[in-house]
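Examining the three-dimensional arrangement
Now for the letters of each chain:
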Protein chains: 4
Amino acid sequence: MIISMKLHATRAEIDAVVERIQEFGYKVHSIEGEERVVIGVVGLGDVTPCLESLEAMPQVDKAVRISAPYKFVSREFRSTKSQIVANGVEIGGDTFVTMAGPCSVESERQIIDTAQFVARHGAQFLRGGAFKPRTSPYDFQGLEEAGLKLLRKAKDETGLGIITEVMSDRDVDLIAEYADILQIGARNMQNFALLKTLGRANRPVMLKRGLSSTIKELLMSAEYIVAHGNPNVILCERGIRTFETETRNTCDITAVAVLNELSHLPVVLDPSHATGRRSLVPALSRAGVAIGADGLIVEVHPCPEKAMSDGAQSLSFPQFAGMMDDLGPYINLWKESRVAALATA
Amino acid sequence: MIISMKLHATRAEIDAVVERIQEFGYKVHSIEGEERVVIGVVGLGDVTPCLESLEAMPQVDKAVRISAPYKFVSREFRSTKSQIVANGVEIGGDTFVTMAGPCSVESERQIIDTAQFVARHGAQFLRGGAFKPRTSPYDFQGLEEAGLKLLRKAKDETGLGIITEVMSDRDVDLIAEYADILQIGARNMQNFALLKTLGRANRPVMLKRGLSSTIKELLMSAEYIVAHGNPNVILCERGIRTFETETRNTCDITAVAVLNELSHLPVVLDPSHATGRRSLVPALSRAGVAIGADGLIVEVHPCPEKAMSDGAQSLSFPQFAGMMDDLGPYINLWKESRVAALATA
Amino acid sequence: MIISMKLHATRAEIDAVVERIQEFGYKVHSIEGEERVVIGVVGLGDVTPCLESLEAMPQVDKAVRISAPYKFVSREFRSTKSQIVANGVEIGGDTFVTMAGPCSVESERQIIDTAQFVARHGAQFLRGGAFKPRTSPYDFQGLEEAGLKLLRKAKDETGLGIITEVMSDRDVDLIAEYADILQIGARNMQNFALLKTLGRANRPVMLKRGLSSTIKELLMSAEYIVAHGNPNVILCERGIRTFETETRNTCDITAVAVLNELSHLPVVLDPSHATGRRSLVPALSRAGVAIGADGLIVEVHPCPEKAMSDGAQSLSFPQFAGMMDDLGPYINLWKESRVAALATA
Amino acid sequence: MIISMKLHATRAEIDAVVERIQEFGYKVHSIEGEERVVIGVVGLGDVTPCLESLEAMPQVDKAVRISAPYKFVSREFRSTKSQIVANGVEIGGDTFVTMAGPCSVESERQIIDTAQFVARHGAQFLRGGAFKPRTSPYDFQGLEEAGLKLLRKAKDETGLGIITEVMSDRDVDLIAEYADILQIGARNMQNFALLKTLGRANRPVMLKRGLSSTIKELLMSAEYIVAHGNPNVILCERGIRTFETETRNTCDITAVAVLNELSHLPVVLDPSHATGRRSLVPALSRAGVAIGADGLIVEVHPCPEKAMSDGAQSLSFPQFAGMMDDLGPYINLWKESRVAALATA
């Protein structure tokens, strides 16, 4: 059950609602927006009496029953798509968003050159890892704070928003100073301590689907962040692990359409990790636009064969430029249908 | 190694080449086309001396080394896409092909009505199973030859080509009398006895990827058919089996792009089995067009809720019509880029 | 619903039961044993009235409701384990059964030597493929009937029973002349045309689980064979396909315990295909005995490094002898608990 | 390359070795044991000259080349099994170790009763979660420090060692005050920030394999902990995620044998999470003993049907007692072969 308070309800009015809920024996989770407070209620059994009682309270705008195990992130809670704003760009609205850049921040030259190039060719965000999750303890682990500073420099020069990965709850505050979007990697999708901390962060979060996580588990992890106070979550399909070895992962592209049915949160596709091979990235990106993703996150490197990580899946500059040209007419079709959908929403 | 003979080489000229190859200790597989004979050579070790010797023979057009384990179906063997003609329609050329119809042929009324409707809305082929592979021995097993006769009737009334499934090598000849394309289901992708028999069939074959078959295994199974004499194979991605349960299978859409890199054979996408849910079929179909599939095979039923099989994934008539309208502009983009590719090939 | 007739019921008595069932609108499947006829009834809705009516008929021994989708193979149908006899050996009883031999029959010397060795070290059955399912059309496809003749020779010299693979419904009769058990490979587990033909064969069948088949699907395929008339089915776990590449397949050993709960059919473990590495075979075999499999099927070759197929997973003669010694005390524990279970059954 | 220093080498002697390595351009990782320092060297190219130069230094005991990507945890580094001591019990030696207890610590009564019961029936460690990773933010998240205090009370009353889960690097120090072994859950196997912190912890760590992690990735994560200073790592197979739904996970039991080949670290099997069904736990436990695991971790609850988590897979007290009796003769066989192996090591 989700209770939406009237605009600008007072603290006393909210407390009265919480008390009423507790009298019925239910547990309360609340999200306080700037204008409106929303209260999530979790409980077993028939909630009808409680629901009716709450609807009768003047400070309550509406009370809705939600059957999915994820509450705040479900379409039942919000029937129209959420728009999430980062660095002035709206994700989930009528702009198709491109996030591009290297796997790792390696040097000032590398990141600035890349930022300038991708900005010129239509990207709105620069991606680049400063803290890197690596399978081997002996592999390059990222430039850490020095890398964050280079990302800021790139932002200053290009105006691009910054998206970069957070690996530990200890780093959330530091990275939030530099980044416009906090990225959570596949291996941390169920790092619940981190998810709870992100609930208190003042930045949007892009949550990548785990290697073998179900769509439902992805939504439950998003619910963790939202239930702990941060409604600005972007979902990301980046390929799952299967028996197929021709590609690095198997892109579950249908998940984009499923997530659009089940949730109001924006969904971004990562064709670079999904394939692991740069030659496949443009074709999969077209499919991502066509199926209705809200954006792409793509690896681009000035010299992929010398990249310190993920070289095989990074596009060179000319390849990125070519792909963006190729995507143009597909993005136009996307925009037409998105504008139409928003108009009727 | 693949040896392509000059046009209209004589039997004696061919035999001389085969003898030469055998002198080098290699094994010979040949495909005899109407105009040109192609000889596949399989052997270990350095083939250079044999290759040079063959190229020196006047009746040999070209001799090429092929490193992939699949030979005839590889891009190394043929660098441009194959076009396969069935019922006068070219698959793999510049026409995007739609195959539509019910999972099973159930009655005359059902199959004729469906054929007329899908023909009016842009389909070139009618699908419908007369021999049905069912997990349970107690489920409906298909109308068998009576079903084939209904398919012919539907073809007579609409002009649509017929694609229907073959489950046993015993049935190949019978079904080939009625069908324009022989469909091999996912569970029979490695039924090698059946594949060998299809090599002798005079109909194109659509080979569906097995539930947990790799892309390479799909190509090896296609190679079986081609190496046994039938070059007209169409590949089909229909979803693989993973841990995800939100959809019936997981569509490995990237496989379409991988197959286009590795093979010259046409590739069709089956969004119905890939998703198992009709609401997801239109979005996935858009993605299939955008990624460069050569066609779609889609389940359509006059009354999905009463279908004897696969009702949940079958589109109703209005849904199919809506989807075909929605796909129009994507198919136009597809056609533009296909025409351009064929022009430069 | 399953109706078991009294011993030696007459044809007229049986027909009367079938008629009664059909009056209730249900579909009938019957298995005719030598002494007793069993009738399977499939139907929707409440079967109580039909059940009560049948139980009142004097020629009916018992009528039981079965909720699982597989009927004849379920524990509901038969609460005690089935024993299946082949070449005088009981599988599923109180003898732990070992089937051993090469992947492929390659030569007289190879198969006779192997048969003699494995017989001396405790095997009851000789395995060896004459018809080989191979991923590549260019790989060795087996000696076919010549291979079957060598298997018979090995049987004549050692007294071992023969188990060998059937790949096509066309070959069932031929192979049944030579083999004591017909083996169905993983890739044919859902070759329904083959399963139906096996239902009419007069030999026990060992059905291997498909690479990505669920336990329930394995039981449904066994049900095909039994429902078509052959109750002598042995199940085989041989590893499933997962993301792990350290082993050829992933042995789902728990499936042995699950199958023992759900079905009365014997279950054999194949540690050779499950691991793909000979060094792992003895340890996994111990686990197979301990978890309660009824037997093992193991690849053994006089010279594994020269085997025409599956060399990496074949045991040498000394390795097989060592493994059988190592298994001895585990098989003793197995026998104790099996004898105790049979006594209380 | 791994360099093992002589016993009680001085700081200056160690520094001289490090300098020599760096002159060759390699990167140094060192583990400082109480008695002996070990230096790991990571680098590309031919290491022979460096190796020979180091072996010539008097303070160096031995220098070995290691080809596996995991170094310290490999059998190349240490050819005999490691024994890890916790609460006076040696894991990886000649005692088969049983860890038993509830999924979550729920109350004093529950945890003390369980501890007393499992201690009486052969367990050496009490398991029980105080910090719980839960898919849903609305599920019971554990008693946290209050739970740890109850675990200590149970230890005081029974003498059992304590194993409990750590979910965040923030909690390592707190939990290390109460626990004898720090358990890392499947979802945190690649939480690299946590792994690094565990490298500085003064407690053994039990690292569970991730839901879709390969055996190699498990070893790489263990390598993180060891390379950061903590050599006391126990590996745990707890089932992987596959398409099969009959069990909660699919137990990759062969992984136990593979890990024993590749690594010297002890390996524990978790039959409770691997199956998700209590009826399967005893059979799988027998298989675990037979294949050569060093121990079991099993869920036991005084009243499984009222458990706050994992009730379906928890054994009741009588079931646990029965299982331990049943395992007795298998553990005896295990011990015989372990004692023999240690004698020849």
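For the structure, check the block above.
The paragraphs below set out a description of the structure included in this document. Computed from a predicted structure; not experimentally measured.

Here is what the cut-offs are and how they apply
Residues numbered from 1 in each chain as written. Chains lettered and ligands numbered in written order. Predicted model: local features only at pLDDT ≥ 70, side-chain atom pairs only at ≥ 80, totals over all residues. Buried ≥ 20, exposed ≤ 12 C-beta atoms within 10 Å, placed from the backbone. Helix = DSSP H or I, 4+ residues; strand = E, 2+ residues; numbered from the N terminus. Pairing = 2+ DSSP bridges. Expected span 1.5 Å × (residues − 1). Bend = angle between axes of the 7 residues up to and from the residue. Contact = placed C-beta atoms within 7 Å. Axes fitted to C-alpha atoms, helices over the stretch in contact; angles between N-to-C directions. Parallel < 35°, antiparallel > 145°, perpendicular 65-115°, else oblique. Left-handed = near helix turned anticlockwise from the far one by under 90°. Nonpolar A, V, L, I, M, F, W, Y, C, P; charged D, E, K, R; others polar. Least-squares fit on C-alpha atoms with pLDDT ≥ 70 in both. Right-handed = clockwise from strand over helix to strand, strands pointing away.

This part is about the pairing of strand β3 (residues 37–42) of chain B. Sheet faces and side chains relate simply in a regular strand, where the side chains alternate between the two faces. All names here are of chain B. Most of β3 is tucked away, with five of its six residues classed as buried. Looking at chain direction, strand β1 (residues 2–5) and β3 are connected through three bridges and run antiparallel. Bridge pairing in β3 places S4 opposite V38.

On to helix α11 (residues 317–344) of chain D, then. Residues spaced three or four apart along an α-helix point in a common direction, a consequence of the helix completing one turn every 3.6 residues. Taking 1.5 Å per residue, 28 residues should reach 40 Å; α11(D) reaches 39 Å between its end C-alpha atoms and fits that length. By the largest-angle criterion, D:G328 marks the main kink of α11(D), which is about 40 degrees, and a proline, D:P329, follows within four residues. Taken residue by residue, α11(D) has D:F320, D:M323, D:M324, D:L327, D:Y330 and D:W334 as its buried positions. The inward-facing, buried residues of α11(D) abut α10 (281–291) and α11 (317–344) of chain C together with β7 (97–101), α3 (108–120) and α10 (281–291) of chain D.

All right, on to the sheet that holds strand β8 (residues 125–127) of chain B then. All names here are of chain B. A barrel is described by the order of its strands in space; here eight strands give the closed sequence β7-β8-β9-β10-β11-β12-β13-β14, paired in parallel fashion. On average, each strand axis in the sheet is tilted by 25 degrees relative to the strand beside it, whichever way the strands run. Bridging between strand β13 (residues 267–269) and strand β14 (residues 295–299) involves two bridges; their strand directions are parallel. Counted as the bridge partner of L269 is L296 from β14.

With that settled, the discussion passes to the packing of helix α10 (residues 281–291) of chain A against helix α11 (residues 317–344) of chain A. The description of two packed helices rests on the angle between their axes and on the distance between the axes. Residues and elements named next belong to chain A. Where α10 meets α11, the axes come as close as 9 Å, and the angle between the chain directions of the two elements is 10 degrees. Classed by the angle they form, the pair α10 and α11 counts as roughly parallel. Across the interface between the two elements, V281, P282, S285, R286, V289 and A290 from α10 touch M323, D326, L327, Y330, I331 and W334 from α11.

Right, let's talk about the packing of α10(C) against α10(D) for a bit. Following both chains from N to C, one finds α10(C) and α10(D) inclined at 150 degrees, their axes separated by 8 Å at the closest point. Taken together, α10(C) and α10(D) sit at an angle that is classed as roughly antiparallel. Seen along the crossing, α10(C) lies across α10(D) with a hand that is right-handed. The segment α10(C) lies against α10(D), with C:A283, C:L284, C:R286, C:A287, C:V289, C:A290 and C:I291 engaging D:A283, D:L284, D:R286, D:A287, D:V289, D:A290 and D:I291. Across the contact of α10(C) with α10(D), the residue classes break down as 12 nonpolar, no polar and two charged.

Of the two same-sequence chains, chain A is brought onto chain B (RMSD 0.1 Å, axial shift 0.0 Å) by a rotation of 180 degrees. What we have between these two chains is a two-fold relation. Taking C-alpha positions as the reference, the residue of chain A nearest the rotation axis is A:A287, at 2.1 Å. Mapped onto chain B, 100% of the interface residues of chain A are again interface residues, and the two copies thus contact each other with one and the same surface.

Turning our eyes to something else, we now look at the pairing of strand β11 (residues 205–208) of chain D. Residue and element names in this part refer to chain D. Residues V205 and L207 of β11 are buried on one face, and the alternating residues M206 and K208, pointing to the opposite face, are buried as well. Once you follow strand β10 (residues 181–184) into helix α6 (residues 192–198) and on to β11, the crossover reads as right-handed. Pairing of β11 with strand β12 (residues 233–237) involves four bridges; the strand directions are parallel. Each bridged residue has a counterpart across the sheet, and for K208 the counterpart in β12 is C236. Each parallel crossover has a hand, and for β11 linked through helix α7 (residues 215–227) to β12 it is right-handed.

All names here are of chain C. Among the secondary structure elements, N260 is positioned in helix α8 (residues 254–262). Spatially, the C-alpha atom of N260 lies 9.9 Å from that of D294, the residues being 34 residues apart in sequence. Those residues in contact with N260 that sit more than four places away from it in its chain are V267 and G292.

Time to look at helix α1 (residues 11–23) of chain A. Counted at 1.5 Å a residue, the expected span for α1(A) with its 13 residues is 18 Å, and the 18 Å between its end C-alpha atoms agrees. Downstream of α1(A) by a residue or two, A:G25 has a phi angle that is positive, lying close to 90 degrees.

The next thing to look at is the environment of C:T10. By secondary structure assignment, the location of C:T10 is in the loop between β1 (2–5) and α1 (11–23). In the structure, C:T10 is positioned 77 residues away from C:N87 in sequence and 31 Å away in space, judged by C-alpha atoms.

With that out of the way, let us pick up unusual backbone geometry. The phi dihedral of A:H8 is positive, around 55 degrees, even though this residue is not glycine. The residue C:N87 is not glycine, and still its phi comes out positive at about 50 degrees. Mapped onto the secondary structure, C:N87 falls in the loop between β5 (84–86) and β6 (89–91). Its 17 C-beta neighbours within 10 Å are what place C:N87 among the partly exposed residues.

Another aspect to go through is the interface of chain A and chain B. Tallying the contact residues gives 34 residues for chain A and 34 residues for chain B. The dominant element in the side of chain A that touches chain B, judged by the number of residues it contributes, is α10(A), at seven residues.

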